[in-house]
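# Summary of structural features
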Amino acid sequence: MKKKLKLKFMLCFLTVGLIGFLLISTLASDAVLKVLTGLQAETLYEKAEEIASDCVESYNGDMQPLASRQNEYDGVSEGLDSDIWIADSEGTVIYDSSDVFTGSSIPGFDPASFGHGSARQPGYSETGYFYGMYSTGRLSVMTSIHVNYQTRGYVIIHYPVYLIEQDQYDILNLMYLTGGIIYLLSFLLLVVFQLCVYRPLGEIIHAADEYAGGNLQYRCPVSSDDELGYLSATLNYMAAELNNSEEYQRKFISNVSHDFRSPLTSIRGYLVAILDGTIPPELYEKYLNIVIRETERLNKLTEGLLTLNQLGGSSSPGLNLSRFDINQTIKDTCATFEGSCRTKNLTFNLTFSEKFMMVQADFGKIQQVIYNLIDNAIKFSGNDSGIDIETYDRNGKVFVSVKDHGCGISKENQKKIFERFYKADNSRGKDRQGTGLGLAITKEIINAHHQNIDVVSTPGVGTEFIFTLKKG
């Protein structure tokens, strides 16, 4: 099996890390530079406004600052790591804190277009070489000096771009470090994935392979309380049910073979004995009657199997629902057992809560249910006893109870009596012969009506079967 899930998770994890790095190095880098440049421009502009205000106050007909002011501006320049210029309205630098450009004219100076060459800064600033006067990049901000509503000059502050870029790199390095630490810590997710997901999933896959290979005895060891644990428990339950199903099929075939073989052996034995003369002619009638009874037994077994197949199969026929009196049906069915009851001196004790108890069900199949339960009660009732049959309604349903006072059924056997071919008394005598299909057919019929059937039994006291029907 190719282990692709873990590889996909690893590739996804690495891809997320790579995308994060690219985002920091591109979009985040550009955004940081933009923010730092804007903040620095605002700081420089505020200082330029202060210097322009000082120049207005000290203006005496020309733009030459006072000597005391020049010393102050030199200190401001050093504190800002910037060059402070004061230029007249014609673009001649009359003060430069660095003493490099004092007296120089700014080539092509155009205050109207200043600050519009870049979208990175507001209109009072721009980044570049300031009309080619600097060989390295500068962030330049400029404000006007207005005296009597006339522009007398300009205050220009130049800040080295590389200082902004240094701040940018420091911030980016911190972002890289933080992102790297978070990324390394996120490797814990891989450990959690390995321990809590991938390893249990591998156990489940191995269990599925075992089941596919026919080893239904294998049990998946995953026992956590999460979805994988639930899946593991479900697989184990499925394997157990499949194993029980295979065991049931083997038992079913064994029971069918046994129940068919016994009467067939008897039939063959008697017919061969008649043909070879072992049985004299005067006894033919006796043994032919035995053969007829065995064939009837085979026919009953075959009909039972066909009934079960129809009721439990995917193409089971629909119910022929009708409204009828269940009390009358019980009376009519009891009448058919008059001979069997006379032989064992049994009596029926009928108790009906109402004279007429109408139900909505399939008349023929419910009649078969009652027949099977009464037949079962007669088989396991002792001589000179009674069979109690009761009907009553509760919560919109009709309850039918068939109770005998026979040998009873143990708790262990009560769980199996509705299985096909199950016989609670494996040592039963000839008076208890049966196919082991009656109760299985009964349960299938009741289930087909979406009703319930239950059994209450105490060994040595008796057994009671109770089933429900929809009230008509």
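In what follows, the structure referred to is the one given above.
Here is a short report on the structure shown in this document. (Residues numbered from 1 in each chain as written. Predicted model: local features only at pLDDT ≥ 70, side-chain atom pairs only at ≥ 80, totals over all residues. Heavy atoms only, no water.)

A word on helix α11 (residues 438-448). Taken residue by residue, α11 has L439, A440, I441, T442, I445 and I446 as its buried positions. Trailing α11 by a residue or two, H450 shows a phi angle of about 60°, which is positive. (Buried < 20%, exposed > 50% of the residue type's maximum accessible area, 1.4 Å probe, protein only. Helix = DSSP H or I, 4+ residues; strand = E, 2+ residues; numbered from the N terminus.)

Below, the discussion takes up the packing of aromatic side chains. With the rule as written, the count across this model stands at 14 aromatic pairs. Judged by centre distance (5.4 Å) and plane angle (75°), the rings of F109 and Y154 are edge-to-face. Here F109 is found in the loop between β2 (93-96) and β3 (125-128), whereas its partner Y154 is found in strand β5 (residues 150-160), with 45 residues between them in sequence. On the accessibility criterion, F109 (15% relative accessible area) is buried. Judged by centre distance (5.1 Å) and plane angle (85°), the ring pair of F130 and Y131 falls under edge-to-face. Classification of Y131 as partly exposed rests on a relative accessible area of 27%. By the ring-pair criterion, three or more aromatic residues cluster together here, those being W85, F101, F109, F114, F130, Y131, Y134 and Y154. (Phe/Tyr/Trp six-rings, centres within 6.5 Å; stacked < 30°, edge-to-face > 60°.)

All right, on to the environment of D83 then. Note on placement: D83 falls in strand β1 (residues 83-88). As for D83 and D96, which are separated by 13 residues in sequence, their C-alpha atoms are 6.9 Å apart. Non-local contacts of D83, meaning those with residues more than four positions away in its chain, are made with S77, D96, S97, S98, Y134, R138, I156, I157 and H158. (Contact = heavy atoms within 4.5 Å.)

Turning to the environment of G364, a few remarks are in order. Mapped onto the fold, G364 is located in helix α9 (residues 363-379). Residue G364 is classed as partly exposed on the basis of its relative accessible area of 42%. Distance in space between the C-alpha atoms of G364 and L321 is 9.5 Å, their sequence separation being 43 residues.

Summarising the element assignment, S266 is placed in helix α5 (residues 227-275). The class for S266 is partly exposed, based on a relative accessible area of 27%. Between the C-alpha atom of S266 and that of Y287, which follows or precedes it by 21 residues, the distance is 10.0 Å.

This next bit is on the nonpolar core. If you look at the biggest cluster of nonpolar residues, it comprises 35 residues, and the most contacted ones within it are I326, I366 and F467. Among the secondary structure elements, those contributing two or more residues to this core are α7 (326-335), β8 (358-362), α9, β9 (386-394), β10 (397-404), α11, β11 (453-458) and β12 (462-471). When near neighbours in sequence (up to four residues on either side) are disregarded, I326 contacts M357, V359, I366, I370, T391, V398, V400 and L469. Of all hydrophobic cores here, the second largest spans 25 residues; its members include L36, C55, I157 and I164. (Core = buried A, V, L, I, M, F, W, Y, C linked by side-chain atoms within 4.5 Å.)

Here we come to the pattern of salt bridges. Evaluation of the coordinates by the stated rule reveals five salt bridges. Across the pair R342 and E338 runs a salt bridge, and its minimum N-O distance is 2.7 Å. Of this pair, R342 and E338 both sit in helix α8 (residues 338-344), four residues apart, roughly one helical turn. (Salt bridge = Lys/Arg side-chain N within 4 Å of Asp/Glu carboxyl O.)

What follows covers the state of the cysteines. Tallied over the full model, the rule gives zero disulfides. Summary of cysteine pairing: C334 is not part of a disulfide, and the nearest cysteine sulfur, belonging to C341, is at 7.6 Å. (Disulfide = S-S within 2.5 Å.)

This part is about the sheet that holds β1. With respect to topology, five strands assemble into an open sheet ordered β2-β1-β5-β4-β3, the strand pairing being antiparallel. What marks the edges here is a single partner per strand, and that holds for β2 and β3. Within this sheet the neighbouring strands show an average axis-to-axis angle of 25°, counted without direction. In the packing of helix α3 (residues 161-185) onto the sheet, the strands contacted are β3, β4 (138-147) and β5, and the crossing angle to β5 comes to about 45°. (Pairing = 2+ DSSP bridges. Axes fitted to C-alpha atoms, helices over the stretch in contact; angles between N-to-C directions.)

The next thing to look at is unusual backbone geometry. Residue D81 is not a glycine yet carries a positive backbone phi of 55°. Here D81 is to be found in the loop between α2 (67-80) and β1. Even without glycine at this site, N395 takes up a positive phi of about 55°. Among the structural elements, N395 can be located in the loop between β9 and β10.

Before going further, it helps to spend a moment on the pairing of β1. Residues in a regular strand project their side chains so that they alternate between the two faces of the sheet. Most of β1 sits out of view: six of its six residues are buried. Judged by which residues are buried, β1 turns out to be covered on both faces: D83, W85 and A87 on one side and I84, I86 and D88 on the other are all buried. Sheet topology places β1 next to β5; six bridges connect them, and they run antiparallel. Residue pairing for β5: A87 is matched across the bridge by Y154. Taken together, the three bridges between β1 and β2 define a ladder with antiparallel strand orientation. Note on β2: the bridge partner recorded for W85 is D96.

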